[in-house]
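Residue-level listing of the chains:
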Amino acid sequence: MDPSRSKLIVAYLDAILEVNRHLNLTRIEDTAQARMLHIEDSLSGLPEVEAAPEGPYVDLGSGGGFPGVPLAVVSGRRALLVDSVKKKMAAVQLVVDELGIEGVSTYDGRIEDLALERGGEFAVATARALAKLSVLLELASPLLKRGGVLVCYKAQLDDEELQHALKLQAYLGMKLKSDRSFLLSDGETHRRILAFEKVKEPGLKLPRKVGFAQKRPL
Ligand code: SAH
């Protein structure tokens, strides 16, 4: 990777860890562990992001800006980070501005509300540690344009969760495109990345009412 970009990502993480001392943005406080779990892991979905069509990128439930900020910096895509917790997005926006990271903005609100405002605009979406797969498909589908791709980061994925998502994917206008499993560099952290393509309009009106995707899952 271009050294200036990797420096920028490390500076971003360090600033987030500093803010984290008084604001709960991430559970991971140890620097070495954070570099692996936040930077390496965030960038592990880069091939799937780069394979998506050209256009803006949205990180769903971005929290402290992961995987959104590292992926935005490396891919060079215009990125929007979404989280309903205002103070998280305010802290992330501040750090992004202070470091002069270009092309990254934040939205402090619900994913469902963003879908009402900017439906069908995004070429690629990511989600890490947000919800089960079928819920991710429901939340992402209305935001993506046709051919757009949702990249899901999973630690463990049981067969039931995957089968349920596969059963619902066509109804939600989505289709599994790739599925890749690997270990992070510690040799023990399992990671699985699944990419779904928006192939058609969903069979129901999306987004459903705010909160329904997560509280009353299909
Ligand atoms: N992606 C980050 C954070 C994961 S925690 C990481 O991997 O480190 C999940 C985040 O999603 C929380 O910050 C929570 O506020 C946000 N979130 C959950 N449901 C949401 C919704 N419907 N709209 C917007 N943000 C949501």
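Preceding this section is the structure that the text describes.
Criteria and cut-off values
- Residues numbered from 1 in each chain as written.
- Predicted model: local features only at pLDDT ≥ 70, side-chain atom pairs only at ≥ 80, totals over all residues.
- Heavy atoms only, no water.
- Helix = DSSP H or I, 4+ residues; strand = E, 2+ residues; numbered from the N terminus.
- Contact = heavy atoms within 4.5 Å.
- Polar contact = N/O pair within 3.5 Å; in protein donor to acceptor, adjacent residues only side chain to side chain.
- Near = heavy atom within 4 Å.
- Areas by Shrake-Rupley, 256 points an atom, 1.4 Å probe, with all protein chains shown as cover.
- Nonpolar A, V, L, I, M, F, W, Y, C, P; charged D, E, K, R; others polar.

Colleague: How should the environment of R192 be read in this particular structure?
Modeller: Positionally, R192 belongs in strand β7 (residues 190-198). Put simply, R192 and A155 are 37 residues apart on the chain and 6.3 Å apart in space, counted from C-alpha to C-alpha. When residues no more than four places from it in sequence are discounted, the contact partners of R192 are C152, Y153, K154, L157, L162, D179, R180 and S181. Looking at R192, its side chain comes within polar contact range of the side chain of D179, at 2.8 Å.

Colleague: How do you make sense of the site of the ligand when you look at a structure like this?
Modeller: Near the ligand there are 16 residues, and of these G61, F66, D83, K88 and R128 occur at the shortest range. E112 places a polar side-chain atom, nitrogen or oxygen, 3.1 Å from a nitrogen atom of the ligand. Q214 is positioned such that a nitrogen or oxygen atom in its side chain is 2.8 Å from a nitrogen atom of the ligand. Contact with the protein chains removes 82% of the 580 Å² of surface that the ligand exposes when unbound. Tallied by class, the residues present in the shell around the ligand amount to five nonpolar, six polar and five charged.

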